Structure formats: C-alpha cells, structure tokens
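Coordinates in review
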Amino acid sequence: MAAEESFENFEEDDGVETSAALSTSGRKRLFSKELRCMMYGFGDDQNPYTESVDIIEDLVIEFITEMTQKAMEIGRTGRVSVEDIVFLVRKDPRKYARVKDLLTMNEELKRARKAFDEIKFAGKSLEESSPEK
C-alpha cells in the first residue's frame, strides 16, 4: 500500500513539473541568437542544442534579475545606476575588470561620436556658409 501511495505522489509531482516546464518554454526567448553565437565562440557546436541555449538563457535572466534587485536595494529607491553595479561586482576581480573595460570603452565611443559629430557639423556649416556661384 505504501508503494502505491509513493507512486501516486510521484505521478502528481511529475504532472506539476511538466506543466511548469511548459510554461517556461512557452515564453519568448530574448537572447537565443546572441547566446548561440557566444556558445559557438567558446567552443560549442555551430548549432548548439536548443535545450542548452534555453538553460543558459534561464541562467542569464536569473543573474540579471538578481543583480537588478540587489542594485535597487543598495542605491536610490527604484533606480539602478552604474555605480550600484560596480559596487556589487567589486569583490569579483573578473567581473570588476570586465565592467571597468566596458565603461572605459563606452567613454571612448562617446568621445569618438562627439568628435565625429563635431567634424560632420563643422563640414555642413562650412558648406552652408560658402557662397554659391
């Protein structure tokens, strides 16, 4: 009798897991394309299994969610700033170095865009101010 009860419980648990799996697989995947490329770049097959990509995406979304929630707790209420993220990763040398690299690159790109826009704007204003024949 006890064996039958445990078997029935197992079936019920299995049904719950199946419905949970269906609900998560039914949602839209946000990073599938990028993750496939990253997985290939790190040595996986050119076309990795969809299940592998889905698991990685679930982990990425979980990480982003947790980091965002932690950042919202330490910074200004309801806002996430760059400093909050830097504060959270400060004890992990690899993450901290990557964040600093990305922030430095972002600043360089901003300066390059600004310089490009100034050159572009200066070129247009010279064309507009030159007399036409």
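Residues numbered from 1 in each chain as written. Predicted model: local features only at pLDDT ≥ 70, side-chain atom pairs only at ≥ 80, totals over all residues. Heavy atoms only, no water.

**What about the packing of helix 2 (residues 32-41) against helix 3 (residues 50-74)?**
- Between helix 2 and helix 3, the shortest axis-to-axis distance is 10 Å and the interhelical angle comes to 105 degrees. One element, helix 2, and the other, helix 3, form an angle in the roughly perpendicular class. Contacts from S32, L35, R36 and M39 of helix 2 reach helix 3 at T50, S52, V53, I56, E57 and V60.
- For the contact of helix 2 with helix 3, the per-class residue count stands at five nonpolar, three polar and two charged. (Axes fitted to C-alpha atoms, helices over the stretch in contact; angles between N-to-C directions. Helix = DSSP H or I, 4+ residues; strand = E, 2+ residues; numbered from the N terminus. Parallel < 35°, antiparallel > 145°, perpendicular 65-115°, else oblique. Contact = heavy atoms within 4.5 Å. Nonpolar A, V, L, I, M, F, W, Y, C, P; charged D, E, K, R; others polar.)

**Structural notes on the packing of aromatic side chains**
- The final tally for this structure, using the stated rule, is zero aromatic pairs.
- Stacked on the ring of F87, the Lys or Arg R90 has its end atom at 3.9 Å from the ring centre. (Phe/Tyr/Trp six-rings, centres within 6.5 Å; stacked < 30°, edge-to-face > 60°. Lys NZ or Arg CZ within 6 Å of the ring centre and 35° of its normal.)

**Concerning the pattern of salt bridges**
- For the structure on display, the rule yields four salt bridges.
- D54 is the partner of R29 in a salt bridge, and the nearest nitrogen-oxygen pair spans 3.4 Å. Pair noted here: R29 is in the loop between helix 1 (2-25) and helix 2 and D54 is in helix 3, with a separation of 25 residues, a long-range link.
- When its relative accessible area of 19% is taken as the criterion, R29 is described as buried.
- The partner of R29 in a salt bridge is D58, and the shortest N-O contact between them spans 2.8 Å. Taken as a pair, R29 in the loop between helix 1 and helix 2 and D58 in helix 3 lie far apart in primary sequence, 29 residues in all.
- D58 sits in the partly exposed class, given a relative accessible area of 31%.
- Through salt bridges with shared partners, a single ionic network connects R29, D54 and D58. (Salt bridge = Lys/Arg side-chain N within 4 Å of Asp/Glu carboxyl O. Buried < 20%, exposed > 50% of the residue type's maximum accessible area, 1.4 Å probe, protein only.)

**So, the packing of helix 3 against helix 4 (residues 82-89)**
- Their axes nearest at 9 Å, the elements helix 3 and helix 4 cross at an angle of 110 degrees. Taken as axis vectors, helix 3 and helix 4 run roughly perpendicular relative to one another. Touching M67, K70, A71 and I74 of helix 3 are D84, I85, F87, L88 and V89, all from helix 4.
- For the contact of helix 3 with helix 4, the per-class residue count stands at seven nonpolar, no polar and two charged.

**Let's talk about helix 2**
- Every buried residue belonging to helix 2 is among S32, L35 and M39, and all of these are buried. Down the axis of helix 2, the smallest arc covering the buried residues is 65 degrees, so these residues share one side. Turned more than 90 degrees off the buried face of helix 2, the exposed positions are K33, C37 and G41.
- On the buried face of helix 2, the contacting elements are helix 3. (Arc of directions from axis to C-beta.)

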